Amino acid sequence: MINSKLPNIETSIFAKMSKMAAEHNALNLSQGFPNFPSDPVLNALVDQAMRDGFNQYAPMQGDFELRMEISKKIENLHNPFYNPETEITITAGATQAIFTVIAATISKNDEVIIFTPAYDCYAPTVELFGGKVVPIQLKPPFYTVDWQEVADKISSKTKMIIINSPHNPSGMLFSKDDMLQLQNLAEKNDLLVLSDEVYEHIIFDENVHQSASKFPQLVARSFVTGSFGKTFHNTGWKMGYCAAPEKLMKEFQKVHQFVVFCVNHPFQKAFATYLKDASHYLKLSDFYQQKRDFFLHLMEGSNFKIIPSRGTYFQMLDFSEISKESDIAFAERLTKKFKIATIPTSVFNESGKDFKQIRICFAKTDQTLAEAATILKKINSQ
Ligand code: PMP
Ligand code: GLN
């Protein structure tokens, strides 16, 4: 009766591990979400917008004031001007933005290059529209790109490259040189770029976020996606955006209008006001850097090998000196026996390659991080 369009796809690892955490009453450091509240000021703005009557459809592209604020934010941070009338769309989280970009651009037999470990929604969405995923494996611990390998994998069928920096799950970053190499290849081969920048405001030490929108020739061929959930501690609100030049955004919106038409109105109104104060997102890196450092300090002397995360709210833990188990078995044992849930990262790799790395989310209260470190430090080799 039905031929599955995604016969090999199972329930996402995030849903699986969060469920396992709940079943075993384990500390949940698996799925990426904060366990502290979103700002009461922002919550009150949502409430106010509902009282003010913004309870019917928003404009299809999104609330104009919010699009203006996003345009200003990008211009202030990275320089290019995205016209809020025609070049920005508000979406139901970055997931819908990514889905819509791929739906609008990828046809049967188009090839799409993704870097693995890759966030889980890219490949299935490409396949849903008949595209072919061409994975390029990044290698731990620094997960850097071999641009010669990318050049070698580009064919006459390559349509798009998907990038994600700061990178989930590795916590590593693309450098300026990476972006220049990407720009060069994209230009030379006339490729589209989907730059998933949901962790754009979570970046540590002396590093700078190399947004695709900093590079003029990339801007011309890129869709840039963002997520308010990551930036403002409310992943459950599912609010995000996409920015792209008019020609690309026009195609995006043709699809967007039939995926959701528009996303919920009072939240857009609230974000339009909240974004006017840039400190709300400019302070975020310091906030999370403190959490990373707090956690890493507590982990000193553990049996895990750790390269400090450079961005995102994720930290990779290498357990190769603790166990020879697969990362899936190890993560399962940690959840059931030690009562701490993490994410095995082989599920994001090409052919499930297992580098013995699990990912924890440190968007947690200091108390949770302290409890987590106490448990993790007890895990010895056997
Ligand atoms: N891309 C990456 C790399 C992510 O980690 C996430 C996770 N949340 C998303 C996209 C999806 O974002 P949203 O929750 O806004 O849909
Ligand atoms: N982005 C979140 C993570 O990486 C999960 C989002 C989801 O559950 N789909 O953990």
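Structural notes, computed from the coordinates. (Residues numbered from 1 in each chain as written. Chains lettered and ligands numbered in written order. Predicted model: local features only at pLDDT ≥ 70, side-chain atom pairs only at ≥ 80, totals over all residues. Heavy atoms only, no water.)

Points about the environment of Asn109
Test applied: The helix and strand labels rest on DSSP assignments: H or I over at least four residues marks a helix, E over at least two residues marks a strand, and numbering proceeds from the N terminus.
Locating Asn109 in the fold gives a position in the loop between helix H4 (93-105) and strand E3 (111-116). Each C-alpha atom, one on Asn109 and one on Thr158, is 9.1 Å from the other, the two residues being 49 residues apart in sequence.

Details of the sheet that holds strand E12 (residues 357-361)
Hydrogen bonds between backbone groups are what pair the strands of a sheet, and the pairing can be parallel or antiparallel. Spelled out, the test is: The criterion for strand pairing is that DSSP finds at least two bridges linking the strands in question. In this description, contact between two residues means that some pair of their heavy atoms is separated by no more than 4.5 Å. Where helices are involved, their axes are fitted lines through C-alpha atoms of the stretch in contact, as for all axes, and angles between N-to-C directions lie from 0 to 180°.
Pairing in this open sheet of three strands is antiparallel, and the strands run E9-E12-E11 from one edge to the other. Two strands bound the open sheet, and with one partner strand each, they are strand E9 (314-318) and strand E11 (343-344). Here E11 runs beside E12; their pairing, made up of two bridges, is antiparallel. Opposite Pro344, over in E12, you have Ile358 as the bridge partner. Helix H14 (residues 327-337) contacts E11 and E12 of the sheet and is inclined by roughly 45° relative to E12.

Some remarks on helix H13 (residues 284-298)
Formally: By definition here, a helix of n residues has an expected span of 1.5 Å times n minus one. Think of it in three bands: residues with accessible area under 20% of the maximum for their type are buried, residues over 50% are exposed, and the middle band is partly exposed, with areas taken using a 1.4 Å probe on protein chains only. When we speak of the arc, we mean the arc of directions from the helix axis to the C-beta atoms.
Compared with the 21 Å implied by 1.5 Å per residue over 15 residues, the 21 Å span of H13 between its first and last C-alpha is a close match. Turning to H13, its buried residues number three or more, namely Leu284, Ser285, Tyr288, Gln289, Lys291, Arg292, Phe295 and Leu296. Along the axis of H13, the buried positions cluster into a sector of 160°, meaning they face one direction only. Within H13, the exposed residues directed more than 90 degrees away from the buried face are Asp286, Gln290 and His297. Contact partners of the buried residues in H13: helix H9 (228-231), helix H12 (279-282), E9, E12 and helix H15 (366-377).

Re the pattern of salt bridges
Selection criterion: Note on definitions: salt bridges are taken to be side-chain nitrogens of Lys or Arg within 4 Å of carboxyl oxygens of Asp or Glu.
The final tally for this structure, using the stated rule, is 19 salt bridges. The residue Lys72 makes a salt bridge to Glu69 at a minimum N-O spacing of 3.3 Å. Here Lys72 pairs with Glu69, and both are found in helix H3 (residues 64-78), just three residues apart, close to one helical turn. On the basis of relative accessibility, which here comes to 7%, the residue Glu69 falls in the buried class.

Describing the site of ligand 2
Rules: Only heavy atoms are used to decide nearness, and a residue is near a molecule or strand if one of them lies within 4 Å of it. Side-chain atoms alone can form a polar contact between residues adjacent in sequence; in general such a contact is a pair of N or O atoms within 3.5 Å, and within protein one must be able to donate a hydrogen while the other accepts it. For the area figures, the Shrake-Rupley method with a 1.4 Å probe applies, and any residue is considered shielded solely by the protein chains shown. Residues are called lining when one of their atoms sits within 4 Å of a cavity or pocket point, these points coming from a 1 Å grid over the protein atoms alone, where a cavity is a set in which a 1.4 Å probe fits but cannot get out and a pocket is an open set with protein on both sides within 12 Å along at least five of seven lines. To decide whether a molecule occupies a pocket or cavity, check its atoms: if more than half lie within 2 Å of the grid points, it is inside. Amino acid classes used here: Ala, Val, Leu, Ile, Met, Phe, Trp, Tyr, Cys and Pro are nonpolar; Asp, Glu, Lys and Arg are charged; the rest, including Gly, are polar.
Near ligand 2 you find Phe14, Gln31, Gly32, Tyr119, Asn168, Tyr199, Lys230, Phe314 and Arg359, and these make up its full shell. Contacts to ligand 2 include Gln31, whose side-chain N or O atom sits 2.7 Å from an oxygen atom. In this structure, an oxygen atom belonging to ligand 2 sits 2.9 Å away from a side-chain N or O atom of Asn168. Summarising the interface, the protein chains cover 79% of the accessible area of ligand 2, which totals 300 Å² for the free molecule. Structurally, ligand 2 is housed in the second largest pocket. Of the residues that constitute the shell around ligand 2, the class distribution is four nonpolar, three polar and two charged.

Here's the deal with the nonpolar core
Cut-off, in case you're wondering: For the purposes of this section, nonpolar cores are sets of buried Ala, Val, Leu, Ile, Met, Phe, Trp, Tyr and Cys residues that join through side-chain atoms within 4.5 Å.
Counting residues in hydrophobic clusters, the biggest one holds 62 residues, and the most contacted among them are Tyr288, Phe295, Phe304, Tyr313 and Leu376. In contact with Tyr288, other than residues within four places in its own chain, are Pro34, Phe36, Ile202, Phe204, His233, Tyr313, Phe362 and Ala363. Counting residues in hydrophobic clusters, the runner-up holds 47 residues, among them Ile154, Leu218, Phe228 and Tyr241.

Brief notes about the site of ligand 1
Taken together, 13 residues surround ligand 1, and among them Thr95, Asp196, Tyr199, Lys230 and Lys238 come closest. Between ligand 1 and Asn168 there is a distance of 2.8 Å, counted from an oxygen atom to a side-chain nitrogen or oxygen. Taken by itself ligand 1 offers 380 Å² of open surface, and the protein chains cover 94% of this. According to the grid-proximity analysis, the pocket containing ligand 1 is the second largest pocket. Residue contributions to the shell around ligand 1 peak at four residues, all from H4. Its residues assigned to classes, the shell around ligand 1 comprises five nonpolar, five polar and three charged.

A short note on the packing of helix H2 (residues 40-51) against helix H11 (residues 265-274)
Helix-helix packing is described using two parameters, namely the angle between the two axes and the distance between the axes. Worth spelling out the cut-off: Should an angle fall under 35 degrees it is taken as roughly parallel, and over 145 as roughly antiparallel, whereas 65 to 115 is taken as roughly perpendicular and any remaining angle as oblique. Left-handed is the label given to a crossing in which the near helix is rotated counterclockwise from the far helix by less than a right angle, and right-handed is the label when the rotation is clockwise.
One can describe the packing of H2 onto H11 by two numbers: an axis separation of 8 Å at closest approach and a directional angle of 130°. When the axis of H2 is compared with that of H11, the two are oblique. Every pair of crossing elements has a handedness; the one defined by H2 and H11 is right-handed. Here Val41, Leu42, Leu45, Val46, Ala49 and Met50 of H2 come into contact with H11, specifically with Pro266, Phe267, Lys269, Ala270, Phe271, Thr273 and Tyr274.

Description of the environment of Leu282
You can see Leu282 is positioned in helix H12. Residue Leu282 is classed as exposed on the basis of its relative accessible area, which comes to 51%. Sequence separation of Leu282 and Phe142 is 140 residues, and the distance between their C-alpha atoms is 26 Å.

Concerning the sheet that holds strand E4 (residues 132-137)
Taken in spatial order, the seven strands of this open sheet run E2-E8-E7-E6-E5-E3-E4, and their pairing is mixed. The open sheet has two edge strands, strand E2 (88-91) and E4, and neither has a second partner. Across the sheet, the mean angle from the axis of one strand to that of its neighbour is 20°, orientation sign disregarded. Summarising the sheet, strand E6 (residues 192-196) and strand E7 (residues 222-227) pair through four bridges and their orientation is parallel. Bridged to Ser195 within E7 is Val224. Seen against the sheet, H3 touches E2 and strand E8 (240-243) and runs at an angle of roughly 115° to E2. Along the sheet face, helix H10 (residues 246-259) touches E2, E6, E7 and E8 and points at about 30° away from the line of E2.

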